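Here's the letter readout for the chains.
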Amino acid sequence: MVPSALLITGQDLDAWSDKPRAESQLPVLIRRLLSAQLSRSGRIQFRGDVGVRYAGYDGITDLGEPVLDAPAGPAVWELSVNARPGEKASEDYSKRTQTPLDVNPTATTYVALTSRHWPGKNTWARNRQAEGCWREVRALDADDLAHWLECSPSVAAWFSCEELARPIDQIADPHALLVAWSGWTKPSLPAATLLVGREEAAAQIRAWAQAAPSILPVRGEGHEEALHFAAAALIEETVDESLKSRVVIARSSEALEWLLAMPTSQSLILLAAFPDAESRTRSTGAHHLLIAYGRGERLVGREYVELPPIERTALAATMERVLEPGTAHRVAWASGGSVGALQRALGRPARPAWALGPLAPEMRAMLLVGAWNPDASGDRALVERISGRTVEEVDAYCASLVVAGALRRKTGAWMWRSAHDAWALLGVHLSAGHLRGLADASCEVFEENNPEAGASLVDRLWLAVKGEGRRHSPMLRSGLAGSLAFVATSSLQDMLVRPVERRSLVAAVVRRVLSASWQRWAGVAPELPTLAEAAPDAFLDAVEESLTSGGQGVAGLFALAQDGLGPSPHVQLLWALETLSWEPTRLRRVAHALARLAAVDPGGALSNRPLSSLRALLFPLWPQTFAPTRERLGVLESLWDVVPAVSVNVVVA
C-alpha cells in the first residue's frame with residue numbers, strides 16, 4: 001500500500017501553487033522528475049530558485065526517448081503557477097512564437113506546463129498545434145504532475161517533506177535526513193563532514209549505484225553513521241541529478257517491500273534505515289539496495305564498503321566553516337576521527353551503547369591507562385592489577401570495544417578512538433580511589449629506568465635486539481600522561497572528585513616524576529608536553545629546581561644526540577615550555593627558564609634551541625604568547641637581571 005504522505009494529488013499541487021516559493025521550485029520538481037526516469041543520456045535543463053528571474057525559456061530538454069509525458073528530441077518548456085493557467089499559457093506561447101530565440105520551432109516541441117488544474121489544456125494544445133508554428137505542442141497540468149510523482153517515489157518523498165511539509169513515518173528524503181542530522185549539534189555540522197577523507201568509500205558507493213542493481217552493505221562506526229554517510233555520498237553537489245533524484249530512504253520493512261515492488265523505468269537507490277533489513281528482504285528486484293551496518297555486525301565472506309575514521313586535519317579545515325580556527329582544530333583532534341565523538345563534543349546528548357550501564361572493571365582500566373600493548377610485560381601486569389581481571393579477559397573486552405567503535409588497534413596496542421569522548425562519557429564513574437590508582441601507576445611507569453637515555457643510535461639498536469628496553473610500551477606511557485591531563489583539566493562538574501583535589505593529585509605526580517636528574521627528564525621526554533598541560537605550575541617548579549643542578553639536571557638534555565642520528569629529548573622540553581608561554585601569567589617564568597637553558601646550550605645540528613624559542617616568544621610582530629605588549633616588554637627587561645648575555649642576543653635578533 002502506498003504511504004499516505006506519498007499520495008500527492010492534483011489538488012495538493014494546485015494548493016501548493018499559491019505558496020511564494022512555488023514559482024522557484026516548480027522547475028526543480030520537473031528537473032528531478034525527468035532525471036529520475038531518464039534511462040538514456042539526454043539534456044535536461046531547468047533553472048530553479050533564483051534562476052527563474054533570468055530571461056529565456058524556463059526549461060530545455062533533448063531526450064533520446066519519451067520520458068513520462070515529456071517528448072523525445074528537442075523541446076522547450078514554459079512553466080507557470082499562475083492561477084489563470086490558460087491565459088498565462090497563451091501569453092507565453094505568443095511571446096515565444098514571435099521570438100523563438102535560438103531554436104527552430106518547426107523542429108522543436110513546445111510544452112506548456114502548469115501546477116494548477118487546467119480543464120481546457122487538451123483543447124488549447126490542439127488549437128496551438130493546428131497553427132503549425134511548432135513541430136508539436138503539449139499542455140500539462142497538476143494531474144499530470146501527480147501521475148509523475150506516483151511513478152517516482154524518491155522525488156515524491158522529497159516533495160512531500162520539503163514542499164508540502166508532510167511528515168513521513170516510513171519513507172524519507174535523503175536531504176531531509178541530512179538536515180536533521182546537521183541539527184543534532186550546535187553549531188550545526190555540514191553534511192560534507194561525513195565525507196572528509198573518505199573519498200574512496202564515497203566513490204565505491206556511487207559506482208555501485210551506477211552499475212546493475214544489487215545489495216551493498218556499508219559498515220561504519222554504527223548503523224546510523226553508515227546510513228548518513230551513504231546519503232551524503234549519493235546527493236552531494238557534484239553528483240549527477242539522474243543519480244541523486246533516485247535515492248530514497250526506507251524506514252520500515254513494509255516500506256522497503258513496497259518500494260522494491262515499484263515499477264519504474266529507472267532503478268531506485270534504496271537506503272534501508274532499520275535493523276535486519278537484509279533478513280527481511282526477499283529480493284531487490286530491479287532496484288539497488290544499500291544496507292547500513294555497525295562495527296558490531298560481522299560480514300563474513302561478503303564484499304562491503306568499510307568506512308575509515310574521518311581524517312582529522314581535513315576535518316579541522318571543514319570545521320572552520322562553523323567554528324573559530326583554534327576551536328575547530330581542538331574539537332577535530334579530540335574526536336579521534338569518530339563522527340559520534342565529534343557530535344557529542346558539539347552537544348549531541350545521545351550516549352553510545354558501550355557507554356551505558358555501570359562501568360566494568362575492564363572498561364575502567366582502559367579509561368585510566370588510555371592505551372596498552374598486550375605484548376609488553378609491564379603493560380600486562382599493570383592492566384591486570386588495575387582491573388582485577390586476567391590480561392586475557394581485558395584483551396577480549398578491548399576487542400569487543402573495537403567492534404563497538406570505541407577503541408582501535410594500532411601497532412599492536414589498544415587505544416581509544418577518542419580519549420576525549422571516553423573521558424566525557426565515563427569519567428563521572430571514577431572515585432578518588434580510582435584516581436589514586438592512576439597516580440600510583442603513573443609514578444611506577446614514569447620512574448622506570450630508561451637504558452636508552454643518553455645512548456648512541458648503535459647502542460639503542462643493540463638494546464632493542466637484546467630485548468633489554470623498558471617493560472612498559474610507549475603507548476601506555478602516552479596514554480597515562482593523557483589520562484593525567486584529562487583528570488586535571490576536565491570541566492565535568494559531576495565527577496565524584498572535586499576539581500581542586502584532582503589538580504592537586506596530578507601536580508603531585510608531576511613533581512615526583514620530574515626529579516632533578518637529566519636521566520629522568522630524558523626518560524619521559526615524549527610525555528613532557530602533556531605533563532606540562534596537566535600541571536603547568538608543578539612542571540615549571542620542576543624545571544626551575546632542576547636547573548639548579550647544572551649539567552646533571554634538565555640542562556643535560558642539550559648534550560644528548562647532537563649527532564642528528566637520533567631524537568633529542570630537549571625538543572619535547574622546548575615544546576612543553578612554548579605551550580605554557582601562551583598563558584600570560586606564566587610567560588615570565590617560561591622566559592627565564594629558556595634564558596637559563598640558552599646560557600648553557602652547547603648548540604647542535606637541530607634548529608630547536610632555547611634561544612630560538614625565546615626569540616619567538618617575544619618577537620614584536622608575531623609573539624608566541626597572548627601577553628600584551630607592555631607585559632612582554634617587562635619580561636624582556638627582567639632577562640637582564642637573569643642572564644644578561646642571553647638578553648642581548650634576544651634584543652639583537
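Residues numbered from 1 in each chain as written. Predicted model: local features only at pLDDT ≥ 70, side-chain atom pairs only at ≥ 80, totals over all residues. Heavy atoms only, no water.

### Remarks on the sheet that holds strand 6 (residues 171-172)
Stage number 1. Pairing is mixed in the open sheet, where six strands are placed in the order 6-8-9-10-7-11. Sheet topology places strand 6 and strand 11 (305-306) at the edges, where each strand pairs with a single neighbour.
Stage number 2. Where strand 9 (residues 269-272) lies against strand 10 (residues 288-293), four bridges are found, and the strand directions are parallel. Across the sheet, the residue bridging to leucine 271 is leucine 290, located in strand 10.
Stage number 3. Running over the sheet, helix 8 (residues 199-210) touches strand 7 (215-219), strand 9, strand 10 and strand 11 and is turned about 150° from strand 10. (Pairing = 2+ DSSP bridges. Helix = DSSP H or I, 4+ residues; strand = E, 2+ residues; numbered from the N terminus. Contact = heavy atoms within 4.5 Å. Axes fitted to C-alpha atoms, helices over the stretch in contact; angles between N-to-C directions.)

### Some words on unusual backbone geometry
Stage number 1. The linkage connecting lysine 186 with the following residue, proline 187, adopts the cis geometry, with an omega of 0°.
Stage number 2. If you trace the backbone, proline 187 turns up in the loop between helix 7 (174-182) and helix 8.
Stage number 3. Even without being glycine, leucine 68 reaches a positive phi, approximately 55°.
Stage number 4. By secondary structure assignment, the location of leucine 68 is in the loop between strand 2 (59-63) and strand 3 (73-80).
Stage number 5. Accessibility expressed as a relative area gives 30% for leucine 68, which makes it partly exposed.
Stage number 6. The backbone of threonine 411 shows a phi angle near 45°, a positive value even though the residue is not glycine.
Stage number 7. For threonine 411, the location among the structural elements is in the loop between strand 13 (407-410) and strand 14 (413-416).
Stage number 8. By relative accessible area, threonine 411 is classed as exposed at 63%. (Buried < 20%, exposed > 50% of the residue type's maximum accessible area, 1.4 Å probe, protein only.)

### A closer look at the side chain of serine 115
Stage number 1. On the secondary structure map, serine 115 appears in the loop between strand 4 (109-114) and helix 4 (121-130).
Stage number 2. Among the polar contacts listed, one links the side chain of serine 115 to the side chain of serine 17, at a separation of 2.5 Å.
Stage number 3. In this structure, serine 115 is in contact with Leu13, Asp14, Trp16, Ser17, Leu26, Ser80, Val81, Ala142 and Leu145, ignoring residues within four places of it in sequence. (Polar contact = N/O pair within 3.5 Å; in protein donor to acceptor, adjacent residues only side chain to side chain.)

### Considerations on the environment of alanine 424
Stage number 1. Here alanine 424 lies in helix 18 (residues 419-426).
Stage number 2. Separated by 66 residues in sequence, alanine 424 and serine 490 place their C-alpha atoms 8.2 Å apart.

### Points about helix 5 (residues 142-151)
Stage number 1. In terms of residue burial, helix 5 counts as a mostly covered element, since seven of its ten residues are buried.
Stage number 2. Those residues of helix 5 not exposed but buried are Ala142, Asp144, Leu145, Ala146, Trp148, Leu149 and Cys151.
Stage number 3. The residue sitting at the N-terminus of helix 5 and contributing the capping side-chain oxygen is aspartate 141; that oxygen lies 3.2 Å from the backbone nitrogen of aspartate 143.

### Thoughts on the sheet that holds strand 13
Stage number 1. One open sheet accounts for three strands, arranged 12-14-13; its pairing is antiparallel. Strands with a single pairing partner mark the edges of an open sheet, and in this sheet they are strand 12 (371-372) and strand 13.
Stage number 2. Contacting strand 12, strand 13 and strand 14, helix 15 (residues 361-369) runs over the sheet at an angle of about 85° to strand 14.
Stage number 3. Of the strands in this sheet, strand 12, strand 13 and strand 14 touch helix 17 (residues 391-403), which is tilted by about 110° from strand 13.

### With respect to the layout of surface pockets
Stage number 1. In this structure, the largest pocket occupies an estimated 1,700 Å³ of space.
Stage number 2. In terms of lining, the largest pocket is formed by 39 residues, of which the most central are Trp333, Gly482, Phe486, Thr530 and Glu533.
Stage number 3. For the lining of the largest pocket, the elements supplying multiple residues, two or more each, are helix 13 (325-335), strand 13, strand 14, helix 18, helix 21 (474-489), helix 24 (528-534) and helix 26 (570-580).
Stage number 4. Per-element accounting of the lining of the largest pocket gives the leading share, ten residues, to helix 21.
Stage number 5. Of the volumes computed, that of the second largest pocket is approximately 740 Å³.
Stage number 6. In this structure, the second largest pocket is lined by 28 residues; those nearest its centre are Arg32, His175, Ile235, Glu237 and Lys244.
Stage number 7. Looking at the lining of the second largest pocket element by element, the count peaks at five residues for helix 7. (1 Å grid on protein atoms, 1.4 Å probe; cavity = no way out; pocket = protein on both sides within 12 Å on 5 of 7 lines; lining within 4 Å. Points joined across faces, edges and corners; volume = space filled by probe spheres on them.)

### Observations regarding helix 4
Stage number 1. Residues of helix 4 that are buried include every one of Lys121, Trp124, Ala125 and Arg128, and no others. Across the axial projection of helix 4, the buried residues extend over an arc of 95°, all falling on one side. More than 90 degrees from the buried face of helix 4, the exposed residues found are Arg126 and Ala130.
Stage number 2. Buried residues along helix 4 sit against helix 3 (85-98), strand 4, strand 5 (136-140) and helix 5.
Stage number 3. A positive phi of about 75° marks glycine 132, the residue just after helix 4. (Arc of directions from axis to C-beta.)

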